[in-house]
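# Residue-level structural notes
The chain contents come next:
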Amino acid sequence: MRMISMLFFRAGVALGVLFAVVAAPDSNVMARDARPAPALTVASVSWMVGNWETEPGRVQTDERWSPIAGGMMMGTSRTVAGERTVFFEFLRIETRPDGVFYVAQPKGRHPGVDFKLVRATDQEAVFENLAHDFPKRIIYRKSADGSLTARIEGDGTEKEKPQEFRYRSAGR
């Protein structure tokens, strides 16, 4: 009986090995899939560079992002209602040893609030700080028509509602 058990065990192992070879004839397939995703860099979000503005109206917001220099992009945002600036913000996206961070300084406040870049493609960037009250997430998306949308959102437990800013290129 013991001999039969060993025979079945060896046959099972042999079938397992055979299945592995047939299922993945190219041994590099597993190696390719196991590679880590490319590291996120400031260059991952360089498509945000430019001068952006919302549609003209009673209230208009503009946002400007400089080209990358010294591992950083500098930005500003300003909201004007009538002839009065009702909000402004200093922004930067910078490289640090532990990642890439979006730093917001609403009304120039120091220190700024850090949001870590957690995902980036050639059309979307997601920055998060889940410990912050609001927003917890800042998302930028570039559309096929060249427009840019910035969205701020929380986790749904706060009183603030998500906001979207739809920008077009200001071309200046």
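What you see is a predicted model, and the numbers here were worked out from it, not measured in a lab.

## A closer look at the environment of Arg119
Assignment of secondary structure puts Arg119 in strand β6 (residues 113–120). With relative accessibility at 45%, the residue Arg119 sits in the partly exposed group. Between the C-alpha atoms of Arg119 and Ala39, which are 80 residues apart in sequence, the distance is 10.0 Å.

## Considering the pattern of salt bridges
A full pass over the atoms with the stated rule returns 13 salt bridges. A salt bridge links Glu124 to Arg119; the nearest nitrogen and oxygen atoms lie 3.6 Å apart. Here Arg141 and Glu124 are joined by a salt bridge, their closest N and O atoms 2.8 Å apart. Separated by 17 residues along the polypeptide, Arg141 in strand β8 (residues 137–142) and Glu124 in strand β7 (residues 124–128) bring together distant segments of the chain. By relative accessible area, which is 36% here, Arg141 ends up partly exposed. Accessibility expressed as a relative area gives 16% for Glu124, which makes it buried. A cluster of three or more residues bridged by salt bridges with shared partners is formed by Glu128, Arg137, Arg151, Glu153, Glu164 and Arg166.

## Some words on the layout of surface pockets
One way to see where empty space is left: roll a probe the size of a water molecule over the atoms. What the largest pocket holds in volume is close to 540 Å³. Taken together, 24 residues line the largest pocket, and the ones lying closest to its centre are Phe87, Glu89, Pro106, Pro135 and Ile152. If you list the elements that add at least two residues to the lining of the largest pocket, you get β2 (59–65), β3 (72–81), β4 (84–96), β5 (99–106), β6, β8, β9 (148–153) and β10 (163–169). Looking at the lining of the largest pocket residue by residue, the class counts come to 15 nonpolar, 5 polar and 4 charged.

## Some details on the packing of aromatic side chains
Counting across every chain of the model gives 7 aromatic pairs. Measuring from centroid to centroid gives 5.9 Å for Trp65 and Tyr102, while their planes differ by 55°, and the two rings are tilted. Of this pair, Trp65 sits in strand β2 while Tyr102 sits in strand β5, placing them 37 residues apart in sequence. Neither Trp65 nor Tyr102 differs from the other in exposure class; each is buried. A centroid spacing of 6.0 Å and a plane angle of 45° characterise the contact between Tyr102 and Tyr140, whose relative ring orientation is tilted. One end of the pair, Tyr102, is in strand β5; the other, Tyr140, is in strand β8, with 38 residues separating them in the sequence. The exposure class of Tyr102 is buried, given its relative accessible area of 4%. Each residue in the set Trp65, Tyr102, Phe115, Phe127 and Tyr140 is aromatic and connected to the rest through ring pairs, giving one cluster. Sitting over the face of the ring of Phe101, Arg96 holds its NZ or CZ atom 4.4 Å from the ring centroid.

## Describing the environment of Tyr140
For Tyr140, a relative accessible area of 1% puts it in the buried group. A sequence separation of 14 residues divides Tyr140 from Val126, and the C-alpha atoms of the two residues are 6.7 Å apart. Each residue touching Tyr140, except ones within four places of it in the same chain, is listed here: Trp47, Met48, Glu63, Trp65, Tyr102, Gln123, Glu124, Ala125, Phe127, Leu148, Thr149 and Ala150. Side-chain polar atoms of Tyr140 contact the side chain of Tyr102, separated by 3.0 Å.

## Notes on the sheet that holds β9
As a general point, the strands of a sheet are linked pairwise by backbone hydrogen bonds and lie either parallel or antiparallel. An order of β1-β2-β3-β4-β5-β6-β7-β8-β9-β10 is seen for the 10 strands of this closed barrel, with the pairing classed as antiparallel. Mean inter-strand twist for the sheet, computed between neighbouring axes without regard to direction, equals 25°. As judged from the 4 bridges shared by strand β1 (residues 50–53) and β2, these two strands associate in the antiparallel manner. When the bridges of β2 are listed, Gly50 appears paired with Trp65.

Criteria and thresholds
- Residues numbered from 1 in each chain as written.
- Predicted model: local features only at pLDDT ≥ 70, side-chain atom pairs only at ≥ 80, totals over all residues.
- Heavy atoms only, no water.
- Helix = DSSP H or I, 4+ residues; strand = E, 2+ residues; numbered from the N terminus.
- Buried < 20%, exposed > 50% of the residue type's maximum accessible area, 1.4 Å probe, protein only.
- Salt bridge = Lys/Arg side-chain N within 4 Å of Asp/Glu carboxyl O.
- 1 Å grid on protein atoms, 1.4 Å probe; cavity = no way out; pocket = protein on both sides within 12 Å on 5 of 7 lines; lining within 4 Å.
- Points joined across faces, edges and corners; volume = space filled by probe spheres on them.
- Nonpolar A, V, L, I, M, F, W, Y, C, P; charged D, E, K, R; others polar.
- Phe/Tyr/Trp six-rings, centres within 6.5 Å; stacked < 30°, edge-to-face > 60°.
- Lys NZ or Arg CZ within 6 Å of the ring centre and 35° of its normal.
- Contact = heavy atoms within 4.5 Å.
- Polar contact = N/O pair within 3.5 Å; in protein donor to acceptor, adjacent residues only side chain to side chain.
- Pairing = 2+ DSSP bridges.
- Axes fitted to C-alpha atoms, helices over the stretch in contact; angles between N-to-C directions.

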